[in-house]
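Spelled out, the chains give:
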Amino acid sequence: MIEILSYGAFFLTMALTYAVIALGLNLQWGQTGLFNVGIAGFVAVGAYVSAILTTPFSDGRLGGFDLPIVVGWIGGGLGAGFLCLLLGALTLRLRSDYLAIATFGAAVVIQLALLNLEALTGGPFGISFIPRPFADLSDRANLFAFANLAVMVVLVLACYAALQHLVRSPWGRVLRALREDETAARALGKNPVSYRLQAFAIGGCVMGLGGAAQGHFIGFIAPENYLPTLTFQVWAMLIIGGSGNMRGAVLGAVLVWAIWALSGSVVSSVFPADQQARAASLQIVLIGVSLCAVLLLRPRGILGEAGTLRRQPKATSTPSEGQNTHD
Amino acid sequence: MMLQPIMDGLVNGAIIGLGAIGVTLTYAILRFANFAHGEMLSWGAYIALTLSGLLGALLPALATPIGPFSFGWSVPIALVGSVVLTSVLALAVDWLLFGRLRASGAVTIILVMASFGAALALRNLLEFIYTSSPAYFTNALQISKQILPGLRATPDQLLVLGLGAVLVVLVHLLLTRSASGRSMRAVSEDPQLAALVGIDTRAVIRMVWILGAALAAVGGIMSGVIVQIRPTMGLDLLLPLFAAAILGGIGSVPGAMLAGLFVGLAEAFTVQFIGAEWRAAVSFVILVAVLLLRPQGIFGKAMA
């Protein structure tokens, strides 16, 4: 019973780190309509920056500043946010899908940098001994698990409240106005590029924060944690939960992570060891197909966008349009 | 010293160029960045691998190498079959996914997202069927021959260059001289006006998928003959394809091919002078440079 509780706490802690990342994506996509295909890269930047800032000094690796965890998390968020700012500044004036291509490319290059800049990132072996919150409780497994869960719940609530405040502020209304009708918003004197850039950078910041928190709960990071599959999982979380809806993002994160963990353990118990890699690829096929199916059948996700004035689909208009960006 | 990277770069660039033509046509006519296009190269290569394996097993004579090349007649025959089947696959994905999204009036970025999901499903399906270990058309080793002092190439590499050149000229002639090519360009310029003057938009869209998939299949097979076949080969080529399509100017077939050769050369020189581990970053650097300096590409028109 105690073990189940402690596993449950661990599971929920991981799911909530994804919820933070999904909340960041919700600001970029759900509120602003910006398609980010490089989530794994930004999450990795957050995790690595925080790890380099907070790990104790070690020979043969730069960094290891032994700073407090909070400093690492802030640094991770700022690092990922700054990167988003650069990519957004490069592409947001151009066609809407250039941002997608640029973020995809950035994730490829970040993965390459993690593997090759061994002096900073530890290369393929990554960085270990990342300090964990409440490390002095670690000999009492349950207390430790619940203390970590509490930290994560507080982080999710803080991000939720901050983003909710932003989204409901005049600033958030401009974002939705730009998404729904750019011409009208322009006519009111709102600069679309500047607002989108701000939203993209803040969203990236939240993603980096989620990545940093995740790294500290696992205690160990390596480049293989940040492959395109991660990007895809976070997208599945937001789309299934309902883009534009923050509760949907959190619900989607817990739900998709549960499905992922459950199907993963089914795969490892049903298939023989030499067939598990193949079965795992089938797992990704199924999630890929279901993402396409949600886009086709229920583009607003489970919860959909609530609490904002959103044009209701009429018979004459297009029922399945999820977002209304103009390019 | 300087000639060898040029040769390697041109061979790889021809493969990138063939793939980039498909990306640029989808982008110009269907108006979205298709992240699933790389998977057409992988599927083309694996379909050809399966067909050529079957042919070789049924008629062993087909597996004996032709002249100086590393492969027998089973590979060119399989290439024809793969071109047809990969086109069918592209049409099927369009019928299942993109066509329905277009019909429901989905905006560009939803199509991009759907292509991302389709790419993941297609790639992992390959990994499920064929496993992630690399495969080869033949086990025959080829010795590269001296062509000029300091320049060596295998007959396979020269064949890829020649075939790439022939295909680009053919596609260019098809687009500029034939009626279906003219309607493709008309839809790319202005879809509503094109529909108004009686151009069958659906036929044009089918044509785009068939052309793009056929060239992707050839590119994937070439890559399989020269290097190897892996489920992730399409994913690894995707960024070079986008970089080449944007550098060449969206909608420009000669631009896509020339930019593909440029990307290939830049990769080869990076491998030579900086290190093979940074090869994948080259396309991103080119992409950033183009977006900063000339977002419409070399042969593209300025776009908002």
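Residues numbered from 1 in each chain as written. Chains lettered and ligands numbered in written order. Predicted model: local features only at pLDDT ≥ 70, side-chain atom pairs only at ≥ 80, totals over all residues. Heavy atoms only, no water.

## A short note on the overall build of chain A
Okay, so step 1: Counting its regular elements, chain A contains twelve helices and two strands.
Okay, so step 2: What you see in chain A, going N to C, is helices and strands ordered as α-α-α-α-α-β-α-α-α-α-β-α-α-α.
Okay, so step 3: Scaling as 2.2 N^0.38, a compact globule of 327 residues should have a C-alpha radius of gyration of about 20 Å, and chain A matches this with 20 Å.
Okay, so step 4: Judged by the C-alpha coordinates and their principal axes, chain A covers about 60 × 45 × 35 Å. (Helix = DSSP H or I, 4+ residues; strand = E, 2+ residues; numbered from the N terminus. Rg over C-alpha atoms; globule rule 2.2 N^0.38 Å.)

## Details of a nonpolar patch on the surface
Residues and elements named next belong to chain B.
Okay, so step 1: Judged by side-chain polarity, Leu3, Ile6, Ile147, Leu148 and Leu158 come together as a nonpolar surface patch covering roughly 390 Å² of accessible area.
Okay, so step 2: Listing elements by their share of the nonpolar patch, those giving two or more residues are α1 (3–30) and β1 (145–148).
Okay, so step 3: Note on placement: Leu148 falls in strand β1. (Patch = residues over 30% accessible without salt bridge, like charges linked within 9 Å, V, L, I, M, F, W, Y side chains within 5 Å. Areas by Shrake-Rupley, 256 points an atom, 1.4 Å probe, with all protein chains shown as cover. Salt bridge = Lys/Arg side-chain N within 4 Å of Asp/Glu carboxyl O.)

## A word on the packing of α1 of chain B against helix α5 (residues 155–177) of chain B
Each packed pair of helices is defined by two parameters, the angle between the axes and the distance between the axes.
Residues and elements named next belong to chain B.
Okay, so step 1: With their axes 9 Å apart at the nearest point, α1 and α5 run at an angle of 30 degrees to one another. One element, α1, and the other, α5, form an angle in the roughly parallel class. Here α1 runs over α5; the crossing is left-handed. Touching Met7, Asp8, Leu10, Val11, Ala14, Ile15, Leu18, Ile21 and Leu25 of α1 are Gln157, Leu158, Val160, Leu161, Leu167, Val168, Val171 and Leu175, all from α5.
Okay, so step 2: Per-class residue counts for the contact of α1 with α5 are 15 nonpolar, one polar and one charged. (Axes fitted to C-alpha atoms, helices over the stretch in contact; angles between N-to-C directions. Parallel < 35°, antiparallel > 145°, perpendicular 65-115°, else oblique. Left-handed = near helix turned anticlockwise from the far one by under 90°. Contact = heavy atoms within 4.5 Å. Nonpolar A, V, L, I, M, F, W, Y, C, P; charged D, E, K, R; others polar.)

## Quick word on the pairing of β1 of chain B
All names here are of chain B.
Okay, so step 1: Bridge count between β1 and strand β2 (residues 151–153): three bridges; the pairing is antiparallel. Opposite Lys145, over in β2, you have Ala153 as the bridge partner.
Okay, so step 2: The hairpin turn running from β1 into β2, its antiparallel successor, is two residues long, and Gly150 in that turn takes a positive phi close to 85 degrees. (Pairing = 2+ DSSP bridges.)

## Brief notes about α5 of chain B
All names here are of chain B.
Okay, so step 1: Between its first and last C-alpha atoms α5 spans 32 Å; for 23 residues at 1.5 Å apiece the expected length is 33 Å, and the two agree.
Okay, so step 2: Listed in full, the buried residues belonging to α5 are Pro155, Asp156, Gln157, Val160, Gly164, Leu167, Val168, Val171 and Leu175.
Okay, so step 3: For α5, the secondary structure elements touched by its buried residues are α1, β1, β2, α6 (179–189), α8 (201–226) and α10 (253–273). (Expected span 1.5 Å × (residues − 1). Buried < 20%, exposed > 50% of the residue type's maximum accessible area, 1.4 Å probe, protein only.)

## Notes on the environment of Phe71 of chain B
Okay, so step 1: Here Phe71 of chain B shows up in the loop between α2 (37–58) and α3 (74–103).
Okay, so step 2: Those residues in contact with Phe71 of chain B, other than ones at most four positions away along the chain, are Thr64, Pro65, Ile66, Pro76, Thr138, Asp156, Leu159 and Val225 of chain B.

## Points about the UniProt feature "transmembrane region" (unreviewed entry) in chain B
Residue and element names in this part refer to chain B.
Okay, so step 1: When the UniProt feature table is mapped to this numbering, "transmembrane region" (unreviewed entry) covers residues 6–29, 41–63, 75–98, 105–126, 158–175, 208–229, 241–266 and 278–299.
Okay, so step 2: A helix fraction of 78% and a strand fraction of 0% characterise residues 41–63, whose end C-alpha atoms lie 23 Å from each other.
Okay, so step 3: Measuring from the first to the last C-alpha atom of residues 241–266 gives 14 Å, for a span that is 85% helix and 0% strand. (UniProt positions renumbered as here; feature names shortened; annotations may be inferred.)

## Looking at the side chain of Thr17 of chain A
Residue and element names in this part refer to chain A.
Okay, so step 1: Looking at the secondary structure, you find Thr17 in helix α1 (residues 2–31).
Okay, so step 2: A distance of 3.1 Å separates the side chain of Thr17 from the side chain of Gln214, its partner in a polar contact.
Okay, so step 3: In this structure Thr17 touches Met152, Gly210, Ala213, Gln214 and Phe217, once residues within four positions along its chain are discounted. (Polar contact = N/O pair within 3.5 Å; in protein donor to acceptor, adjacent residues only side chain to side chain.)

## Here we look at the packing of aromatic side chains
Okay, so step 1: Counted by the stated rule, this structure contains 17 aromatic pairs over all chains.
Okay, so step 2: Ring centres of Phe35 of chain A and Phe116 of chain B lie 6.4 Å apart, and the angle between their planes is 85 degrees; this geometry places the pair in the edge-to-face category. With Phe35 of chain A in the loop between α1 and α2 (39–54) and Phe116 of chain B in helix α4 (residues 108–130), this pair bridges two chains.
Okay, so step 3: Phe35 of chain A gets classed as buried once you look at its relative accessible area, which sits at 1%.
Okay, so step 4: With centroids separated by 6.2 Å and ring planes inclined at 65 degrees, the aromatic side chains of Tyr48 of chain A and Tyr226 of chain A adopt a geometry described as edge-to-face. Separated by 178 residues along the polypeptide, Tyr48 of chain A in helix α2 and Tyr226 of chain A in the loop between β2 (220–221) and α10 (228–241) bring together distant segments of the chain. We note that Tyr48 of chain A, like Tyr226 of chain A, is buried. (Phe/Tyr/Trp six-rings, centres within 6.5 Å; stacked < 30°, edge-to-face > 60°.)

## Regarding the nonpolar core
Okay, so step 1: If you look at the biggest cluster of nonpolar residues, it comprises 194 residues, and the most contacted ones within it are Phe35 and Tyr226 of chain A together with Phe35 of chain B.
Okay, so step 2: Those residues in contact with Tyr226 of chain A that sit more than four places away from it in its chain are Ala40, Val43, Ala44, Ala47, Tyr48, Gln111, Leu114 and Ile221 of chain A. (Core = buried A, V, L, I, M, F, W, Y, C linked by side-chain atoms within 4.5 Å.)

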